[in-house]
Structure formats: structure tokens, C-alpha cells
Amino acid sequence: MEKEKIRELKSLIASRLTRPMRYYLDTCTRCGLCYDTCHAYYGIPKKEYSPVGRAEVVRRAVKKHFRPSGRLFPYWGDATALDERVMDEMKEAAFSCTGCRRCMMYCPFGIDMPYILGIAKVLLIGYGNAPEELVMLADAAVEKGKSIDEFKEGFLSVIGDMELEVQKRLGLPSADGLIPMEKKNADVLFVGLSGAHSIIHPAVIFNAAKENWTLSFFEAVNFGMFAGDPEKMQFIADRVVNEAKALGVKEVVIVECGTAYRIPKFLLGPLPFKVTSIVEKIHQYLAENRIRMKDGAIAEPLTYHDPCQLGRNAGVFDEPREILARLASDYREMSPTREYNWCCGGGGGLVALDNEEFRIKSGKAKKDQIDATGAKIVVSACENCILQLNTIKDGYGLDVEVRSLSELVAERLAV
Ligand code: SF4
Ligand code: SF4
């Protein structure tokens, strides 16, 4: 690697050597307690897929370039210089980690692997070797944010069809205004995904609850976050924040996407509106009797997969369980569950990459958990998880149906 490039990459490392980062890098004792807590290692038991194995790739490069021992005695110990091979190792380490933080639950020091791997991701962007798919998707989202008016007409042209579907589901006399756009001073701004399914089910629920709501022109998913690009992450997140401020809404409700929920909820600082996930909103409507479901309508055994970013990393555990316990007469819990539940292997943008074989293998822990419940329906509340659960289902030939929570609720409203 050219000296100039190494200098550039070193300054990127320096920009990420915050106090918590130094703590994480210095504190790890390599005790190995986190070794087999990663679903990737469970499915592919190789050191490079263990949490500590991933962090070591970053730690060795930091040691080489930022520790006196690494600089003075370059041939001693395990310090490694930045070169093409190390960059390949960083790519494998960073983009086979879903950012689930299950390993953190078992580490005596609470070491945050995805945070450490943030160094690898910024280096890969600087080196021009971040996964092309994620970079392209992040760029497309940024572009849309810059020229939203050009996208509006096309988007509005498909809203009519979705309104007709909502009208049919609820048996309403008219479809007009069932999916309101750019409604000033609405109570709720809902942020969906690019597929119609992510809008129709929540739209049915909002209309059944007689919510004063409006739909965002933007998608909730943040590929800047998945790529590990802080500037693009901020820009993509700001699109919705600025839209919500311009409309004067009181609350932003995020579609079933754990990362899209966590960013405005926890990472953007104080905002002039409340941030809620659609799961919490459904729970609230049920508690306030604003919607009613056909309780016990599902007789087949059903289980719930906790999306890591919604459950372990945001604490939304009870709401989905309480909703499903009402809907299903045979609700079965996975083991381990809640904050210790296994990651499905699809988060962190991994479902957008060309890596199906890896994801099937790394989904083995989830497959074993589903098998053990004997459930015939697996529900989740994150689009990434739903996609990955279907990959696991097909990869292992599981006899289960994978469903989204808001889809199940919308289909079983007592209207
Ligand atoms: S955050 Fe999740 S995917 Fe990443 S190393 Fe830890 S357990 Fe594995
Ligand atoms: S459990 Fe914590 S301290 Fe032990 S090896 Fe893993 S990250 Fe390091």
C-alpha cells in the first residue's frame, strides 16, 4: 500500500480513537468468554467469526500504528501493518458481523464489538473497499434526499392503488385520503420502507385507530449506517427529521426495521418529536381500545424472533409478546430469549449482500431455536429479520411460515 494511503488510513483510525474505543481495545483480556456467543461462530466455528477474533484484526492494526511497542518493535508480538491482506481481513470481520451485540451480553467488560468494527468500516470506506451494494444503496438514498421533488410524482402515482387496498380491507365507503401525504400538523408521521407491504398494513392499522397521520416520502432504512459511513448515516437520518419538523408532527412512527428505529430513538440527540416503533404504537392502540383484534384467532403454534436492534439494543421486548399472546392461542417462547435470543444473521445490512451461503450457515443457531419450539409460524418485527428468516427456512427446508407482526395484526383486526 502506498505511504500516502497509509497516512490517510491512519488519520481515519485516529479520528475514531475515542475514550470508549481505547477502553474497549485496551480492556479485552482475550478471556474467550464471548467466543461462542456469536451466531456466525455457532454456524461456522472458525476463529475469524468469533467476536474476539473480529476485534483482534482492528486491535492489531491500532497496535502497529498507535502504540509505541508496535512502532519500536515491529516484528515482535501481533501488531500488523495496514496492507491489502489486513484490509481483506477487516472486510470479512466487519461485514460478517450483524451488529447484534449478543457477544456484549457475555463479556465481563461489556465490550462493544460493532463499535470496534466501526474502525474497520471507516477504513474500508477510505480504502475504497466497502461493499459496493451498501455504498450504492446509501448513495441512492442521499441522492433522493437532495432531489425529493423529482421522486414525489412517481410516489404519489402508486399511493392510489394502496389506498384502494386499505379501503377494501376495512370495508370503507371511499379510498380518498386513506394514505395522507404531506399533511401539516398531523399527530403521527409514519416512515415505511420501499415495498408497498410496509405501508399497507400500517395504513390499515392507522385508519382503524382513526389516527391523524401522514406518510413520509422517505424510507426508514439507513444504508449509511450499514455501510459504516457516519456522514451518509447522518444525512439519511436527517431527511426524515427535517420532514417531521417541516410538517410539525408530534410523533414519528418507524416501520418494522430495528436499525431505522434505533437511529432517531437513541443516536440523534434530543428531537422535537417522539420516536416510536410501529410495534409500540399497535400496543398502545390496543391498550387504549382504539383497535380491536380477533383474540386467539391463530391456533397454530407460533413463536417470536426478537430483532436484535428492537429487542436487545432498544428494549422493546414486552409489547410484541403481549400482542402475540392475544392473537395466538399457542404462543411459544424461544430459548434463550429476549436479550439473550440468538441473532438470525441478517442484520447490519447483510441481507443486501451477495452472501446467501454464509447467511444460511450463520443462521443455524436460529434454525435450531425455531426447531426446538415446534412452532409453525415464526413472527418478527424487522424487515431484515423477515428476509433472513425466509432464507433460513428455505436453506434448511423448515416447515414454517414467516410473518411480520404488523401484517398479522392488520389481517386480524375486528372491524
Ligand atoms: S455483534 Fe453479533 S455478529 Fe457481531 S461479533 Fe458480536 S455476536 Fe457476532
Ligand atoms: S469476553 Fe470480552 S474480554 Fe473476553 S475475549 Fe471477549 S471481548 Fe475480550
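These figures come from a predicted structure and were not determined experimentally.

Criteria and cut-off values
- Residues numbered from 1 in each chain as written.
- Chains lettered and ligands numbered in written order.
- Predicted model: local features only at pLDDT ≥ 70, side-chain atom pairs only at ≥ 80, totals over all residues.
- Heavy atoms only, no water.
- Helix = DSSP H or I, 4+ residues; strand = E, 2+ residues; numbered from the N terminus.
- Rg over C-alpha atoms; globule rule 2.2 N^0.38 Å.
- Buried < 20%, exposed > 50% of the residue type's maximum accessible area, 1.4 Å probe, protein only.
- Contact = heavy atoms within 4.5 Å.
- Areas by Shrake-Rupley, 256 points an atom, 1.4 Å probe, with all protein chains shown as cover.
- Lys, Arg positive; Asp, Glu negative; His and termini not counted.
- Charge placed at Lys NZ, Arg CZ, Asp CG, Glu CD.
- Pairing = 2+ DSSP bridges.
- Axes fitted to C-alpha atoms, helices over the stretch in contact; angles between N-to-C directions.
- Phe/Tyr/Trp six-rings, centres within 6.5 Å; stacked < 30°, edge-to-face > 60°.
- Lys NZ or Arg CZ within 6 Å of the ring centre and 35° of its normal.
- Parallel < 35°, antiparallel > 145°, perpendicular 65-115°, else oblique.
- Left-handed = near helix turned anticlockwise from the far one by under 90°.
- Nonpolar A, V, L, I, M, F, W, Y, C, P; charged D, E, K, R; others polar.
- Near = heavy atom within 4 Å.
- Expected span 1.5 Å × (residues − 1).
- Salt bridge = Lys/Arg side-chain N within 4 Å of Asp/Glu carboxyl O.

Novice: Can you walk me through the overall build of the chain in this structure?
Specialist: Helix and strand counts for the chain stand at 20 helices and eight strands. Taken against the 2.2 N^0.38 rule, which gives 22 Å for 415 residues, the C-alpha radius of gyration of the chain at 22 Å falls within 12% of a compact globule. In terms of overall dimensions, the chain has C-alpha extents of about 80 × 50 × 35 Å along its principal axes. Taken across its 415 residues, the chain has 57% of its residues classed as buried. Within the chain, residue pairs in contact and separated by at least 24 positions form 77% of the contacts whose partners lie at least 6 positions apart. As displayed, the chain has an accessible area near 17800 Å², and 52% of this comes from carbon and sulfur atoms. Put simply, the chain has 55 plus and 57 minus side-chain charges, and the middle of one group is 6 Å from the middle of the other.

Novice: How should I be thinking about helix H18 (residues 364-373) in this particular structure?
Specialist: At 3.6 residues per turn, the α-helix brings residues three or four places apart onto the same side. Residues of H18 that are buried: Ala365, Lys366, Lys367, Gln369, Ile370 and Thr373. Here the buried face of H18 lies against helix H3 (39-43), strand S5 (302-304), strand S6 (331-332), strand S7 (377-380) and helix H19 (383-396). Positive phi shows up at Gly374, right after H18, with a value of about 75 degrees.

Novice: How should the pairing of strand S8 (residues 401-404) be read in this particular structure?
Specialist: Taken residue by residue, a regular strand's side chains alternate between the two faces of the sheet. Strand direction decides the pairing type here: S7 and S8, joined by four bridges, are parallel. Paired with Val379 across the bridge in S8 is Arg403.

Novice: I tried to follow the sheet that holds strand S3 (residues 251-254) on my own but got confused; where do I start?
Specialist: Strands pair in a sheet through their backbones, by hydrogen bonds, and they do so in one of two ways: parallel or antiparallel. As summarised here, the arrangement of the four strands in space is S2-S1-S3-S4, forming an open sheet in which the pairing is parallel. Across the chains shown, the open sheet's two edge strands, defined by having one partner strand only, are strand S2 (213-219) and strand S4 (274-277). Sheet twist, expressed as the mean angle between neighbouring strand axes with direction ignored, is 25 degrees. Inspection of the sheet shows S3 paired to S4 by four bridges, in the parallel sense. The residue of S4 that forms the bridge with Val252 is Val275. Seen against the sheet, helix H13 (residues 230-247) touches strand S1 (188-192), S2 and S3 and runs at an angle of roughly 150 degrees to S2.

Novice: Just checking my understanding: could you explain the packing of aromatic side chains for this structure?
Specialist: Each aromatic ring pair is summarised here by two numbers: the centre-to-centre distance and the angle between the ring planes. Counted by the stated rule, this structure contains 11 aromatic pairs. Their ring planes at 75 degrees and their centres at 5.8 Å tell us that Phe223 and Phe226 sit as a pair that is edge-to-face. Here Phe223 pairs with Phe226, and both are found in helix H12 (residues 223-227), just three residues apart, close to one helical turn. Through a chain of ring-to-ring contacts, three or more aromatic side chains come together here, namely Phe190, Phe206, Trp213 and Tyr285. Taking the ring centre of Trp342 as reference, the NZ or CZ of Arg102 above it sits at 3.6 Å. Its end group placed over the ring of Phe155, Lys144 keeps NZ or CZ at 5.9 Å from the ring centre.

Novice: How do you make sense of the packing of helix H9 (residues 132-146) against H13 when you look at a structure like this?
Specialist: How two helices sit against one another is set out by the angle between their axes and by the gap between those axes. Interhelical geometry of H9 versus H13 gives an angle of 45 degrees and a closest axis separation of 9 Å. In this view, H9 runs oblique relative to H13, as classed from their interaxial angle. With respect to the hand of their crossing, H9 and H13 are arranged in left-handed fashion. On H13, the residues that touch Val135, Ala138, Asp139, Ala141, Val142, Lys144, Gly145 and Lys146 of H9 are Lys232, Phe235, Ile236 and Arg239. Taken together, the residues of the contact of H9 with H13 sort by class into six nonpolar, one polar and five charged.

Novice: What should I look at first to understand the site of ligand 2 in this one?
Specialist: Ligand 2 sits among Cys28, Thr29, Arg30, Cys31, Gly32, Leu33, Cys34, Val52, Cys107, Pro108, Phe109 and Met113. Tallied by class, the residues present in the shell around ligand 2 amount to nine nonpolar, two polar and one charged.

Novice: Would you mind showing me how to read helix H8 (residues 113-127) here?
Specialist: Across its 15 residues, H8 extends 21 Å between first and last C-alpha, which sits within 8% of the 21 Å expected from 1.5 Å per residue. Most of H8 sits inside the fold, with 11 of its 15 residues counted as buried.

Novice: Got a minute to help me understand the pattern of salt bridges in this structure?
Specialist: Pairing between side chains of opposite charge can happen when their charged atoms approach one another. By the definition in use, this model includes 32 salt bridges. Residue Lys367 pairs with Asp368 through a salt bridge whose shortest N-O separation is 3.6 Å. Overall, the relative accessible area of 17% leaves Lys367 in the buried class. One connected set of salt bridges, linked through shared partners, spans Glu401, Arg403, Glu407, Glu411 and Arg412.

Novice: Would you mind showing me how to read the environment of Asp238 here?
Specialist: Residue position: Asp238 is located in helix H13. When its relative accessible area of 26% is taken as the criterion, Asp238 is described as partly exposed. Sequence separation between Asp238 and Phe217 is 21 residues, and the spatial gap between their C-alpha atoms is 13 Å.

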